[in-house]
Amino acid sequence: MTSSSRRLRSSLTVCFYIASALLSLTTNTITTTPSIAHAAPFFPYSSSLTPGSIKRQTTDLDPAHYRTQLYKSDTIIEDFEELLNSTTLDSCQMCRRGMKMAQEFSLEAPEMVPGVLRILCARYSFLRLDSCAGLMVRLGPELAEIFSQMKVDGSDGYYACAYGFPGSCPVPQHRPNTIVFPKPKPANAAQPAPSGQSMQVLHFSDWHLDPLYRPGTEAKCSHNICCRDFGSWNDPGPIKKRASKWGEPKCDTPIALGLSALEAIQRFVPNATFGLFTGDIVSHDSWLITEKYVADLEKSSYELFKKYLQEMKLYVVLGNHDSYPSDQAPARHKPEQYATHQWLYDHVATVWEKNEWITSIEAEYARSHNAMFMTRPMPGLKLITLNTDLFYVRNYYNMLDTDQDDPSGLFHDLVLELQDSEDRQERVWIMGHMAPVTLTLPRSSLLFQRIVARYSPHVIAGIFTGHYHQDKFIVMHDPDAEEHTQASAINVVHQGPSITPLDKANPAIRWYDVDPKTFSILDSHTVTADIISKADYWEEHDMEPEWILEYSARSTYSDQQHPLAPEEPLSPAFWQSAVERMKTDVGLFDKYIQFQSKSSALATVCLHGTVCEEETRCELQSSTVIEHDYCEAMLEVGLNSGVAGGKKGKKPKPNRWKRFGTTRAGRVVDVREYDVERGLDVGQPGRRMRK
């Protein structure tokens, strides 16, 4: 089949899928020419909701009761404003008292919570008015439920302030109890010997398809994402940059780019044994989406993947944008809340099973476990998928039961599966949307590190994630090591690059060369298209994007003084060696920075020999969120002193282990004082890593 006929076939297929999705999205909300201006936030509730979903249904109120609720709403807004102007409370005390007020209001008038939050958001946040309206309508019912259950006088309220209102309370350093594993680690635990054979495995991530992408619209707007017709919410004045057909650095994936990426997979990895997709189907317009939009976009995208990958099995995890509202995922230990999201887990499990990616037994497990499942792609390999929203700090359900180490049971189940594989002498790949090293609850990050250390290197052969839209890796280290060395490296997180060009990064796909007996990674290859620099040229000359092999990890990061044997895998020590050599090898560090953005011309500047370089190498070997925060604090010091050496535009973050800041009351908040008050370990946040 010729290239033109293949393109025609692809275009017709996508037109069918996307037209179906948009038709079902707009049928019940739009009666005139479709555009975002006619959609949410004015139509916040999906028509797919059932009468039983009372949590998200507004109720008819009698006039007297409604007047009472309006009075309470006015009163709570006045009380919040008075609280914010307090001259006697520090920021953390303000926030915790505000949480108490929010809980009382949620119990008395839950149906009024979205409206109050919308007003407060518009007055006190940096968000646009339409974003405030849309987000609060969507999140409001969830937050009312969470507020009503929260132990606001205990750790729940403290966590909610620290993560929901950054800068109010210091981030708590909840250190989990010691894990009692089913069995001790074998004394002779080691990676199996290489077989000398090789197979290919596909990995792509962060699809973020935008079915409302419109070429010719504004590509440099004030919204969270651009390249859309926002109707009356469009930015005033002439268009500053016309959106190209192939994508823009402040926009999600247009269908033309999505198709091109799938065709690149066919061209570069036609014989992959199986594939991994590490989450995020849905676009970034969290303030506009509905349940139906999420469900339709997921279904059409998965069907598109199936069409292009054909018989190749694709294993999928949910990303934080693959739920409604975005980021929110109640765990199954809260059955009433879990039931409100059951539609999502039923939906994706059904599509995955229909596509023959998982079995009916695995689909049933996924329905009852936040879309997580375990499968065996090949004899000798178990794939364990995680819903990483269950430890994500922007999932506000994680602000409940914060005094428990593992309230969702995710890590308990992970240990049982790993122990089962150790007993069977099989290898394991762990797959999730995001690595638990940033925006993660500290207890979860520390638990994950301990678990990985227990079952590495003999059981866990690889960890695969996405989320950050960059091409990166993270070396995990033994939690008991005094410093980070090649000997202390225990595993590697392979962070897959994104399809979306949002955040100024080029789209990319990746595949691995894998030993089919040990399932260790032999090499990693990244293929990219330079959308950032060439999209306009390709469109002007009626050309297709040019996908090229950007680099091979084995060739790029190998130590020429100590070359690997052909059959040797890219071990954790290999990756740690690369990080160590970046300190003196300017060319190697510059290559990493280039490949991190997938060779984007708009990549953030980060110069060797600066604080930025130190922070980058620090992050590459950060096994936990505590260590990662230490790295960011290092950069903050550099930014404040004017010697950061790059990362222009990066906002400094609070150093959580120094004086926190001065409040309106003139008092200073110190994280250690709060940790002592709560009876927490106030030792050092983590060992200083080797530079």
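Everything below is about the structure shown above.
Residues numbered from 1 in each chain as written. Predicted model: local features only at pLDDT ≥ 70, side-chain atom pairs only at ≥ 80, totals over all residues. Heavy atoms only, no water.

Tracing the chain through its elements places C618 in helix α18 (residues 611–620). The class for C618 is buried, based on a relative accessible area of 5%. Placed 39 residues apart in sequence, C618 and V579 show a C-alpha to C-alpha distance of 8.8 Å. (Helix = DSSP H or I, 4+ residues; strand = E, 2+ residues; numbered from the N terminus. Buried < 20%, exposed > 50% of the residue type's maximum accessible area, 1.4 Å probe, protein only.)

Bringing the state of the cysteines into the picture now. Taken as a whole and judged by the stated rule, the model has seven disulfides. Paired through a disulfide, C221 and C226 show a sulfur-sulfur distance of 2.1 Å. With the S-S bond torsion at -95°, the cross-link from C221 to C226 turns out left-handed. Residue C221 is classed as buried on the basis of its relative accessible area, which comes to 9%. Look at C226 and you get buried, because its relative accessible area is 0%. Note on cysteine connectivity: C606 is disulfide-linked to C612, with sulfurs 2.0 Å apart. Since a negative S-S torsion denotes a left-handed disulfide, the C606-C612 link at about -125° is left-handed. Of the two residues, C606 and C612, both sit in the buried class. (Disulfide = S-S within 2.5 Å.)

Whenever strands of a sheet pair, they do so through backbone hydrogen bonds, lying parallel or antiparallel. Read from one edge of the open sheet, six strands run β3-β2-β1-β10-β11-β12, paired in mixed fashion. Where the open sheet ends on each side, the last strands, each with one partner, are β3 (313–316) and β12 (547–552). Strand-to-strand, the axes of this sheet are offset by a mean angle of 25°, without reference to chain direction. Where strand β1 (residues 199–204) and strand β10 (residues 508–514) come together, five bridges link them in antiparallel fashion. Across the sheet, M199 pairs through a bridge with V514, a residue of β10. Strands β1, β10, β11 (521–529) and β12 of the sheet are contacted by helix α7 (residues 255–268), whose axis makes an angle of about 60° with β12. (Pairing = 2+ DSSP bridges. Axes fitted to C-alpha atoms, helices over the stretch in contact; angles between N-to-C directions. Contact = heavy atoms within 4.5 Å.)

As a further point, take the packing of helix α3 (residues 91–108) against helix α6 (residues 155–164). Contact pair α3 / α6: the axes reach a minimum separation of 9 Å and the direction vectors enclose 115°. α3 and α6 meet at a crossing whose hand is right-handed. Contact residues: C92, C95, R96 and M99 in α3; G157, Y158, A160 and C161 in α6. (Left-handed = near helix turned anticlockwise from the far one by under 90°.)

The next subject is unusual backbone geometry. Going from Y324 to P325, the amide bond is cis rather than trans, its omega being -10°. Topologically, P325 is positioned in the loop between β3 and α9 (335–340). Here the residue pair S456 and P457 is connected by a cis peptide bond, since its omega of 5° sits within 30 degrees of zero. Mapped onto the secondary structure, P457 falls in the loop between α13 (442–454) and β7 (460–465). Positive phi, close to 60°, is recorded for S599, a residue that is not glycine. Tracing the backbone shows S599 in the loop between α17 (586–596) and α18. Judged by relative accessible area, S599 falls into the partly exposed class, the value being 25%.

This paragraph deals with the pairing of strand β6 (residues 427–431). Of all five residues in β6, five are buried; the element is thus mostly enclosed. Burial of β6 is two-sided: the residues R427, W429 and M431 facing one way and the residues V428 and I430 facing the other way are all buried. Pairing geometry for strand β5 (residues 381–385) and β6, over five bridges, is parallel. Looking at β6, one finds that L381 is bridged to R427. In the classification by handedness, the crossover that spans β5, the intervening helix α12 (residues 410–424) and the parallel β6 is right-handed. Taken together, the four bridges between β6 and β7 define a ladder with parallel strand orientation. Across the sheet, residue I430 finds its bridge partner in β7, namely I463. At this point the chain moves from β6, through α13, to the parallel β7, and the crossover so formed is right-handed. (Right-handed = clockwise from strand over helix to strand, strands pointing away.)

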